[in-house]
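Residues per chain, in single letters:
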Amino acid sequence: MNNPLRIAVLASGRGSNLAALLVARDCGDLPVEFVLVASDKAAAGALQLAQAAGVPTLALDPRHYPDRRAFDIDLFARLAASGAELLVLAGFMRIIDSDALTPWIGRMINIHPSLLPKYRGLHTHRRALEAGDSEHGASVHYVTAELDGGPVIAQVRLAVESGEDEHRLAQRLLPLEHRLLTAVVAGIAGGRIALDTDRVQFNGEALAQPLQLIDGRLVKNH
Ligand code: GAR
């Protein structure tokens, strides 16, 4: 059996995606070791979840740094020092300096609540509803310097219900996000998913389309 993949999770908020990863690890479905949970918000629920699970935590306040770049350089130096092999952005609500993130390209993923390339940035549920989309979803992608723009690994889709508001749509999507992120981290930890230059590889083959999460499993989209 290979050593578990050492991961660090970055989160700014409640941490439900982190919680899903912890549960999967505890159930034996996710061969990872959590080496650090880091946040830009000392009050983030994610930090409390990590502490309760016995995972080391780090809270850095951006207001204590002269600029974004100084904050990111310090944060990413500490992430490197943690020994993490993969960084998982799970609700980390900051744009990251490109010099800080470049060494991590191929080793840092983000979950975003839209079917990328649709709706990069904020208010994704509202924008999908305003556009009259019949389906919505979430994506996990490798992080590059382009905001929400790196190669998409996998997506999960759900049908928009008539008359629903953005809160309900977000609420229905969230459990699917948890499964998507867990499945992708498991795929990376198991060596099935990797980045080769700018193409996502799945079982050694370059993907033409993002994987789809169907019935809890990642499948190729033909
Ligand atoms: C999730 O919905 C995630 O997709 C989103 O933040 C939420 C975090 O929830 N991420 C982004 O919007 C990134 N641009 P959580 O703290 O409960 O995991």
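Note that this is a predicted model, so its numbers are computed, not measured.

1. What to know about the pairing of strand β5 (residues 108-112)
Here is step 1: Across the five residues that make up β5, a large majority, five, are buried.
Here is step 2: The side-chain alternation of β5 yields two buried faces, one formed by M108, N110 and H112 and the other by I109 and I111.
Here is step 3: Sheet topology places strand β4 (residues 86-89) next to β5; three bridges connect them, and they run parallel. Across the sheet, L87 pairs through a bridge with M108, a residue of β5.
Here is step 4: By the bridge criterion, four bridges tie β5 to strand β6 (residues 135-142) in an arrangement that is antiparallel. Residue pairing in the sheet places I109 in a bridge with Y142 of β6.

2. Concerning the pattern of salt bridges
Here is step 1: Applying the stated criterion across every chain yields a total of 15 salt bridges.
Here is step 2: Among the ionic pairs, R69 bridges to D99, the shortest N-O distance being 2.7 Å. Residue R69 is found in helix α3 (residues 68-81), and its partner D99 is found in helix α4 (residues 98-101); the two are separated by 30 residues along the sequence.
Here is step 3: The exposure class of R69 is partly exposed, given its relative accessible area of 38%.

3. So, unusual backbone geometry
Here is step 1: Of note, the bond from L116 into P117 is cis; its omega dihedral lies within 30 degrees of zero at 15 degrees.
Here is step 2: Summarising the element assignment, P117 is placed in the loop between β5 and α5 (124-130).
Here is step 3: One non-glycine residue, H123, adopts positive backbone phi at about 55 degrees.
Here is step 4: Tracing the chain through its elements places H123 in the loop between β5 and α5.

4. What to know about the nonpolar core
Here is step 1: I109 and I193 are the most contacted members of the largest nonpolar core, which totals 48 residues.
Here is step 2: If you tally residues by element for this core, the top one is helix α6 (residues 166-189), at ten residues.
Here is step 3: Counting residues in hydrophobic clusters, the runner-up holds 22 residues, among them A8, L58, F71 and A84.

How each quantity is defined
Residues numbered from 1 in each chain as written. Predicted model: local features only at pLDDT ≥ 70, side-chain atom pairs only at ≥ 80, totals over all residues. Heavy atoms only, no water. Buried < 20%, exposed > 50% of the residue type's maximum accessible area, 1.4 Å probe, protein only. Helix = DSSP H or I, 4+ residues; strand = E, 2+ residues; numbered from the N terminus. Pairing = 2+ DSSP bridges. Salt bridge = Lys/Arg side-chain N within 4 Å of Asp/Glu carboxyl O. Core = buried A, V, L, I, M, F, W, Y, C linked by side-chain atoms within 4.5 Å.

Geometric values such as these leave the question of function open.
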